[in-house]
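# Reading the structure
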There are 2 protein chains.
Amino acid sequence: MARGTSMSQQREILFNAFDMNCVVHQSPGLWRHPDDKASTYNTIGYWTHLAKVLEKGKFDGLFIADVLGTYDVFNGTNESPLRSGAQAPVNDPMMLVSAMAAVTENLGFGVTAGTAYEHPYAFARRLATLDHLTNGRVGWNVVTGYLPSAARNMGQEDQMEHDERYNHADEYLEVVYKLLEGSWEDDAVQNNKETGIYTDPAKVHSIEHEGKFFKVPGIAITEPSIQRTPVIYQAGASSRGIKFASENAEAVFVTSPTREILKATVAKIRDAAEAAGRDRYDVKIFAMQTIITDETSEKAQAKYEDYKSYADVEGAQVLISGWMGIDLSELNPDEPLGANLKSNAIQSTVETFQKASGDDGNPWTIRQLAEWVGVGGFGPITVGSGAEVAEKLIDWVDYTDVDGFNLAYAVTPATFEDVVEYVVPELQARGAYKTEYAQGSLRNKLFGDGDRVKETHRAAQYKISNRLPAKG
Amino acid sequence: MARGTSMSQQREILFNAFDMNCVVHQSPGLWRHPDDKASTYNTIGYWTHLAKVLEKGKFDGLFIADVLGTYDVFNGTNESPLRSGAQAPVNDPMMLVSAMAAVTENLGFGVTAGTAYEHPYAFARRLATLDHLTNGRVGWNVVTGYLPSAARNMGQEDQMEHDERYNHADEYLEVVYKLLEGSWEDDAVQNNKETGIYTDPAKVHSIEHEGKFFKVPGIAITEPSIQRTPVIYQAGASSRGIKFASENAEAVFVTSPTREILKATVAKIRDAAEAAGRDRYDVKIFAMQTIITDETSEKAQAKYEDYKSYADVEGAQVLISGWMGIDLSELNPDEPLGANLKSNAIQSTVETFQKASGDDGNPWTIRQLAEWVGVGGFGPITVGSGAEVAEKLIDWVDYTDVDGFNLAYAVTPATFEDVVEYVVPELQARGAYKTEYAQGSLRNKLFGDGDRVKETHRAAQYKISNRLPAKG
């Protein structure tokens, strides 16, 4: 049972919407569906409408994924990603935030940005700016690297070696924390029209950072925002990734096709947080999930069948190849998988998803996996009426101890509109979903414990209030 | 007389508003004025209100200046910049655009970004994203570097040497042009729900850039936006700066305290454009100007006197020191300037501004210069009724051949609201200001010749349509 709940009180489930500034995020082929608006991703109207829908449904946040390269793992070219639109073209996520913040009051915005691409001095300013403009509603999904194609276009021969990438990211976050937490005292800004003092210079401190990768001698150029450090998100399943998350992440995104796998993953993340000296519930865990819902079970099932008919198998193979780092173009999608070395990981993935789908017939081929992935990505797909979906989500939360779900779309924004219309009221009726937003910043909404990082979080050691001698 | 006008037709004057994501842009001390809202720079409301005011007044654009460091030239510390708020703290300008674009339809947005800080691959994507979101209303004010304090915090010992900085910037723009103009053919994006082809891969080309500073082998990750390359702005007065502008800039910002100096500067820029193979009117030139206006001449004069009483001499000295690269703290602000070497440039500046102000009394001290600068920066200040200001601006345009004005504020947004209320109608009544926006992109609004860079512009050589063999 979750901390702070009793038998009579249902735990409230958190919802993030999962989107990306591109045409095909997790559902290749479905941009062709008549209801789909994904190809208007490059207009402000798409994003402000989505933000309003999500706020109406009291979603905690919109999580915007990102890559800076193409999924050229499949067949070693850009051909299939471009043709299918699989996460290419893809626009910048940070530029979307202020327009959406202007039409909402409570929705959080988790933007993805890599530590490999921009100097932390300039990047920390972008984060602070967004936290100011949103009144403290910004999260940063930290990625340490991803696609080799991105690294090549940034003038690197390849990504840094995996562990070194995390060492680099560790120092990158240290610089960001020092700038956002450790430079300006809380009362440095006086904004005093009488005295004419905007900032008291004695309360602004140089961070004097000198590390292996970065040298930042000066002060932060931004005044403190509500959260200072945005809520830190992370998605990383390697052991080095989980160590990084255990120290830095306040929200973790996971993708687990079954309840059993999810339960184990959640326990591993909470154990790691505890090992890092934090409370095991100081990390909110969101499991990827795609929901197809409607007024009735039958209508939802018919909708799913309709969606499936638009799934693009080639596009799905492009995404799976990128996610797994294995070129699926070398395998016949319609042949049963052989026992060759390259397909072992794939075979186990196919089997897991087939099991998750409840299909215990003939072993799936890659095409069948791709059809599954085509309607919302690598997570589980739940099809049913609002009540059915609500019951299933509650069951998953109770069984796995996960905090909530990162909801991918099949068709956008219709998938999110459906969840808001059919699922949210059913969850609310069961006491399993907020009926009002909590006050304050995104961090306070998630944890109910103030706007700033907790004292047990890695960033807290850089707080200026923890570094200056006590006064008086 | 300007090209394309006749004796009977008055040339239309262009207006840019000049602002910055900070408390004190060009008018130190005036944030203390009761009408001033500058200290709400970190809220969305400030910017969306300003954008609506400017669009109501049919301004061509909002130009957002930027620095990534402090003005620590004065006295060698951050003390005075922080106390006075002189361009510190300062937030990121790009994050503001989408919120303002959502509440306007025609206003352009000129954002400042340096070539020294971010890799052009990631930066080109930010530009493309903003051009998409604004429907082609974005300009990029290119700066090659500025404050040594910024360079130090980005891990550089100092800025690159001046000419090398421009060589680096030249290649930076080359990469941006290749990505935005030379990768995706116009009809690469098919967005065809029937065939399932989002992009035709055969129409997307790797840029294969290999230069002294950058190596970018791949394709652009963004699809073409309306303008592709945003309108390129520049402000640079050195001969290398003017060469750079002559090849790249479509709009140039200049600061000239007198008509005579402005006339010479305008001619020099137009000559340079012509020498670079372009039409001398293919560069729109905006002169910095601060307008204090009201219903009557008397009320405007009283307003000016009121504003002057808030000017912060120390803050002005901070800005002047940064702009000129000379530490004014070493000079007594109330003593007549001696003939020492350090003060020669200052002395000539003081004399020029005194002359521009029309004050032919005792020679100004630095304090008097600072008081002048305190109400709107290093440009001329025009005080008068709407009609008086309109006559003066028309006179300046006729005399100098400048295209328009880059309007700084004394008090924000009141200074802009006053211009919209009192000056714009008087200019319109004289046929010297648009009564409707032109259609299309920012570039088309400025030049009336389509959304894309002209064939004589440096970026045109990288257009994919100019690089592929003719078809058929």
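What you see is a predicted model, and the numbers here were worked out from it, not measured in a lab.

Criteria and thresholds
Residues numbered from 1 in each chain as written. Chains lettered and ligands numbered in written order. Predicted model: local features only at pLDDT ≥ 70, side-chain atom pairs only at ≥ 80, totals over all residues. Heavy atoms only, no water. Helix = DSSP H or I, 4+ residues; strand = E, 2+ residues; numbered from the N terminus. Rg over C-alpha atoms; globule rule 2.2 N^0.38 Å. Contact = heavy atoms within 4.5 Å. Lys, Arg positive; Asp, Glu negative; His and termini not counted. Charge placed at Lys NZ, Arg CZ, Asp CG, Glu CD. Core = buried A, V, L, I, M, F, W, Y, C linked by side-chain atoms within 4.5 Å. Buried < 20%, exposed > 50% of the residue type's maximum accessible area, 1.4 Å probe, protein only. Expected span 1.5 Å × (residues − 1). Arc of directions from axis to C-beta. Polar contact = N/O pair within 3.5 Å; in protein donor to acceptor, adjacent residues only side chain to side chain. Buried area = accessible area lost by both parts, 1.4 Å probe. Salt bridge = Lys/Arg side-chain N within 4 Å of Asp/Glu carboxyl O. Least-squares fit on C-alpha atoms with pLDDT ≥ 70 in both. Axes fitted to C-alpha atoms, helices over the stretch in contact; angles between N-to-C directions. Parallel < 35°, antiparallel > 145°, perpendicular 65-115°, else oblique. Left-handed = near helix turned anticlockwise from the far one by under 90°. Phe/Tyr/Trp six-rings, centres within 6.5 Å; stacked < 30°, edge-to-face > 60°. Lys NZ or Arg CZ within 6 Å of the ring centre and 35° of its normal. Nonpolar A, V, L, I, M, F, W, Y, C, P; charged D, E, K, R; others polar. Pairing = 2+ DSSP bridges.

A few words now on the overall build of chain A. Assigned secondary structure in chain A consists of 16 helices and 13 strands. Taking 472 residues into account, the globule formula puts the C-alpha radius of gyration at 23 Å, and chain A, at 22 Å, falls close to it. Residue pairs in contact within chain A that sit at least 24 positions apart in sequence constitute 77% of those at least 6 positions apart. Side chains of chain A carry 45 positive and 66 negative charges; the gap between the two charge centres is 4 Å.

Moving on, we get to the nonpolar core. Counting residues in hydrophobic clusters, the biggest one holds 304 residues, and the most contacted among them are Phe-15 and Phe-59 of chain A together with Phe-15 and Phe-59 of chain B. Apart from the residues within four sequence positions on either side, Phe-59 of chain B is in contact with Phe-15, Asn-16, Ala-17, Leu-54, Leu-107, Leu-407, Phe-416, Val-419, Val-420, Tyr-433 and Tyr-437 of chain B.

Turning our attention to helix α8 (residues 259–275) of chain A. All names here are of chain A. The terminal C-alpha atoms of α8 lie 24 Å apart, and with 17 residues this matches the ideal 24 Å at 1.5 Å per residue to within 8%. Residues of α8 that are buried: Leu-262, Thr-265, Val-266, Ile-269, Arg-270, Ala-272 and Ala-273. Down the axis of α8, the buried side of the element spans an arc of 155°, and every buried residue falls inside it. For α8, the secondary structure elements touched by its buried residues are α7 (239–248), β10 (251–254), β11 (284–294) and α13 (386–400). Two residues or fewer after α8 comes Gly-277, characterised by a positive phi angle close to 85°.

Residue and element names in this part refer to chain B. Structurally, Asp-401 can be placed in the loop between α13 (386–400) and β13 (404–408). Residue Asp-401 is classed as buried on the basis of its relative accessible area of 18%. There is a polar contact of 2.7 Å between the side chain of Asp-401 and the side chain of Arg-11. Of note is the side chain of Asp-401, whose polar atom sits 2.8 Å from the side chain of Tyr-281.

By a widely used convention, the size of an interface equals the accessible area lost when the partners come together. Each partner contributes residues to the interface: chain B has 69 residues there, and chain A has 69 residues. Here chain B and chain A share an interface that buries about 6200 Å² over both sides, 61% of which is from carbon and sulfur atoms. Three residues, Met-95, Arg-125 and Asn-153 of chain B, lead the burial of chain B against chain A; their summed loss comes to 12% of the area buried on that side. Salt-bridge contacts for Arg-126 of chain A lead to Asp-92 of chain B; the nearest nitrogen and oxygen are separated by 3.0 Å. Inspection of the region where chain B meets chain A yields 39 residue pairs in polar contact (both at pLDDT 80 or more). Breaking the side of chain B that touches chain A down by element, the ones donating at least two residues are α2 (79–84), α3 (97–102), α4 (120–133), α5 (148–153), β5 (189–192), β6 (197–199) and β8 (215–216) of chain B.

Here we come to the pattern of salt bridges. With the rule as written, the count across this model stands at 70 salt bridges over all chains. Linking Arg-126 of chain B and Glu-118 of chain A is a salt bridge whose minimum nitrogen-to-oxygen distance equals 3.3 Å. Of this pair, Arg-126 of chain B sits in helix α4 while Glu-118 of chain A sits in the loop between β3 (108–114) and α4 (120–133), each in a different chain. Accessibility classification places Arg-126 of chain B together with Glu-118 of chain A in one group, the buried group. For Lys-299 of chain A, the salt bridge goes to Glu-295 of chain A, with nearest N and O atoms at 2.5 Å. By sharing partners, the salt bridges in this structure join Asp-92, Glu-118 and Arg-126 of chain A together with Asp-92, Glu-118 and Arg-126 of chain B into a single network.

Now for the relation of the copies chain B and chain A. Mapping chain B onto chain A calls for a rotation angle of 180° and an axial translation of 0.0 Å; the resulting RMSD is 0.0 Å. Expressed as an axis order, the relation between the two copies is that of a two-fold axis. When C-alpha distances to the rotation axis are compared across chain B, the minimum falls at Ala-99 of chain B, with a value of 1.9 Å. Here 100% of the contact residues of chain B are again contact residues in chain A; the copies associate through an equivalent surface.

Residue and element names in this part refer to chain A. One can describe the packing of helix α11 (residues 344–357) onto helix α12 (residues 366–374) by two numbers: an axis separation of 10 Å at closest approach and a directional angle of 55°. Of the possible angle classes, the one that applies to α11 and α12 is oblique. Judged by the sense of rotation from one axis to the other, the crossing of α11 with α12 is left-handed. Facing α11, whose interface residues are Ile-346, Thr-349, Val-350, Phe-353 and Ser-357, α12 presents Ile-366, Leu-369 and Trp-372.

Residue and element names in this part refer to chain B. On the secondary structure map, Val-453 appears in the loop between α15 (442–447) and α16 (464–467). Placed 224 residues apart in sequence, Val-453 and Thr-229 show a C-alpha to C-alpha distance of 7.1 Å. When residues no more than four places from it in sequence are discounted, the contact partners of Val-453 are Glu-181, Thr-229, Glu-250, Arg-443, Ala-459, Ala-460 and Lys-463.

Further remarks concern the side chain of Ser-246 of chain B. All names here are of chain B. Mapped onto the fold, Ser-246 is located in helix α7 (residues 239–248). A distance of 2.6 Å separates a polar atom in the side chain of Ser-246 from the backbone oxygen of Lys-243. Each residue touching Ser-246, except ones within four places of it in the same chain, is listed here: Ala-272, Ala-273, Ala-276 and Arg-278.

Residues and elements named next belong to chain A. Under the counting rule described, the total for this entry stands at 40 aromatic pairs over all chains. Over the face of the ring belonging to Tyr-399 we find Arg-259, whose NZ or CZ atom lies 3.7 Å from the ring centre. Across the ring face of Tyr-433, the terminal group of Lys-434 is positioned such that the distance to the ring centre comes to 4.6 Å.

Here we take up the environment of Ala-438 of chain B. All names here are of chain B. Tracing the backbone through its elements, the reader meets Ala-438 in the loop between α14 (414–429) and α15. In the structure, Ala-438 is positioned 378 residues away from Asp-60 in sequence and 9.9 Å away in space, judged by C-alpha atoms. Dropping the residues within four chain positions of it, Ala-438 is found in contact with Asn-106 and Lys-445.

Below, the discussion takes up the packing of helix α10 (residues 313–324) of chain A against α12 of chain A. All names here are of chain A. The contact between α10 and α12 brings their axes to 8 Å, and the two run at 90°. In terms of orientation, α10 and α12 fall into the roughly perpendicular class. Residues Val-313, Ala-316, Gln-317, Ile-320 and Trp-323 of α10 pack against Ile-366, Arg-367, Leu-369, Ala-370, Glu-371, Val-373 and Gly-374 of α12. Classifying every residue of the contact of α10 with α12 by side-chain character gives eight nonpolar, two polar and two charged.

With that settled, the discussion passes to helix α10 (residues 313–324) of chain B. Residues spaced three or four apart along an α-helix point in a common direction, a consequence of the helix completing one turn every 3.6 residues. Residues and elements named next belong to chain B. Its 12 residues give α10 an end-to-end C-alpha distance of 16 Å, which sits within 8% of 16 Å, the value for a rise of 1.5 Å per residue. Of all 12 residues in α10, nine are buried, a share of seventy percent or more. Turning to α10, its buried residues are Val-313, Gly-315, Ala-316, Gln-317, Val-318, Leu-319, Ile-320, Ser-321 and Gly-322. Among the residues of α10, the N-terminal cap falls to Asp-312, whose side-chain oxygen and the backbone nitrogen of Glu-314 are separated by 3.0 Å.

Residue and element names in this part refer to chain A. In terms of burial, β11 is largely enclosed, as 11 of its 11 residues are buried. Neither face of β11 is exposed, since Lys-284, Phe-286, Met-288, Thr-290, Ile-292 and Asp-294 on one face and Ile-285, Ala-287, Gln-289, Ile-291 and Thr-293 on the opposite face are all buried. Here four bridges tie β10 to β11, and the two strands are oriented parallel to one another. Paired with Phe-253 across the bridge in β11 is Phe-286.

What follows concerns unusual backbone geometry. Residues and elements named next belong to chain B. For the bond running from Ala-88 to Pro-89, omega is -5°, close enough to zero to count as cis. Note on placement: Pro-89 falls in the loop between α2 and α3. Following Thr-412, the chain continues to Pro-413 via a peptide bond in cis, the omega torsion being 0°. Here Pro-413 shows up in the loop between β13 and α14. Look at Lys-58: it is not a glycine, yet its phi comes out positive at around 55°. Along the polypeptide, Lys-58 turns up in the loop between α1 (44–56) and β2 (61–65). Taking the relative accessible area as the measure of exposure, Lys-58 reaches 18% and is therefore buried. The backbone of Asn-135 shows a phi angle near 55°, a positive value even though the residue is not glycine. As for its position among the elements, Asn-135 is in the loop between α4 and β4 (138–143). Judged by its relative accessible area of 52%, Asn-135 is exposed.

Function cannot be read off these values alone, since they describe shape.
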